[in-house]
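Chain residues, written in single-letter form:
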Amino acid sequence: MSENKSGEKQNIITIDGPSGVGKSSVSRKIAAATGFTYLDTGAMYRGVGWHFLHHKVSLDDVAMMAAKLAELELELLPAPDESSDVGVLVNGENVSAAIRTPEMAMVASRVSAIPVVREILTSIQRNYGEKGKIVAEGRDTGTIVFPRAAYKFFLDAEPEERARRRVLQLQATGVVADFNQILSMTLERDKNDSERAIAPLSKALDAHCIDTTGITIQQVVEKILQIIADTGR
Ligand code: DC
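Please read all numbers here as calculations on a predicted model, not as lab measurements.

Cut-offs and rules
Residues numbered from 1 in each chain as written. Predicted model: local features only at pLDDT ≥ 70, side-chain atom pairs only at ≥ 80, totals over all residues. Heavy atoms only, no water. Salt bridge = Lys/Arg side-chain N within 4 Å of Asp/Glu carboxyl O. Helix = DSSP H or I, 4+ residues; strand = E, 2+ residues; numbered from the N terminus. Buried < 20%, exposed > 50% of the residue type's maximum accessible area, 1.4 Å probe, protein only. Axes fitted to C-alpha atoms, helices over the stretch in contact; angles between N-to-C directions. Parallel < 35°, antiparallel > 145°, perpendicular 65-115°, else oblique. Left-handed = near helix turned anticlockwise from the far one by under 90°. Contact = heavy atoms within 4.5 Å. Nonpolar A, V, L, I, M, F, W, Y, C, P; charged D, E, K, R; others polar.

Engineer: Which residues make up the pattern of salt bridges, and what values go with them?
Structural biologist: Under the criterion given, the structure shown has twelve salt bridges. Here D140 ties to R118 by a salt bridge, and the two come within 2.9 Å at their closest N and O atoms. With D140 in the loop between strand 6 (134–138) and helix 6 (141–145) and R118 in helix 5 (residues 115–131), this pair connects stretches of sequence that are 22 residues apart. Each of the two residues, D140 as well as R118, counts as buried. In this structure, the salt-bridge partner of E161 is R164, at a minimum N-O distance of 3.9 Å. Of this pair, E161 and R164 are both found in helix 7 (residues 159–172), three residues apart, which corresponds to roughly one turn of the helix.

Engineer: Help me get a handle on the packing of helix 1 (residues 23–34) against helix 9 (residues 217–232), residues and values and all.
Structural biologist: In the contact formed by helix 1 and helix 9, the axes pass within 10 Å of each other and the chain directions differ by 50°. By the criterion of interaxial angle, the relationship of helix 1 to helix 9 is oblique. Judged by the sense of rotation from one axis to the other, the crossing of helix 1 with helix 9 is right-handed. Counted together, S25, V26, K29, I30, A33 and T34 of helix 1 and I217, Q218, V220, V221, I224 and L225 of helix 9 form the full contact between these two elements. When grouped by side-chain class, the residues that make up the contact of helix 1 with helix 9 number eight nonpolar, three polar and one charged.

In short, the description is geometric, and any link to function would need to be established separately.
As structure tokens, then:
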């Protein structure tokens with residue numbers, strides 16, 4: 001159950017939006033400012049994508065995917081600092097760097113449309129929500145995973161701006177990235193993630209929408225913290 005038994009709001013902040021919009025950087029800062037635990041749900045889809053690739057599982061073979069998911073142990077490692085991604089262990093193997101490539105992002109996007117994958121990851125994510133206060137980041141955390149979250153945000157920005165940010169992020173980690181290629185991958189992921197049948201990327205009706213085009217991560221963080229403070233009054 002994503003809601004508690006009394007039907008009250010959960011102590012959860014959800015931050016959803018398309019790829020490259022700054023969700024991870026914002027979510028890590030919000031987690032640091034509030035003391036909540038950061039839950040990177042995209043890292044989970046990337047971990048599953050890596051697991052399937054590693055075992056050469058066809059994404060058309062539902063029975064094999066279910067069997068491989070039953071063998072999967074997925075562990076999130078806390079981000080070492082505010083500017084780093086969370087790490088991921090897949091059956092004890094550290095795949096933290098391997099899952100962060102643009103190619104693995106596309107695999108994660110494809111895998112995320114598969115019902116059995118969403119079912120399992122949604123249930124794991126809800127367990128995190130039962131255990132404590134979290135900042136959940138993803139595509140469907142405000143709509144499907146935690147519909148009773150106390151604070152919901154949806155970040156958006158023009159695709160060109162998101163692709164530019166992605167190129168800079170990749171360059172910062174030593175990966176050479178071509179803007180046009182990243183832009184077309186961004187558009188393709190937007191399409192996959194928004195048009196899939198289950199839990200597509202969409203803004204929860206009660207989410208605050210923030211257009212991050214032309215504003216800094218810090219300004220987005222301040223807006224979110226202000227809304228949280230105003231809501232709590
Ligand atoms: O946030 P990210 O780029 O790490 O996510 C990788 C892919 O995982 C994304 O393209 C779609 C999928 N995803 C999802 O379907 N639902 C989520 N809650 C998080 C990610």
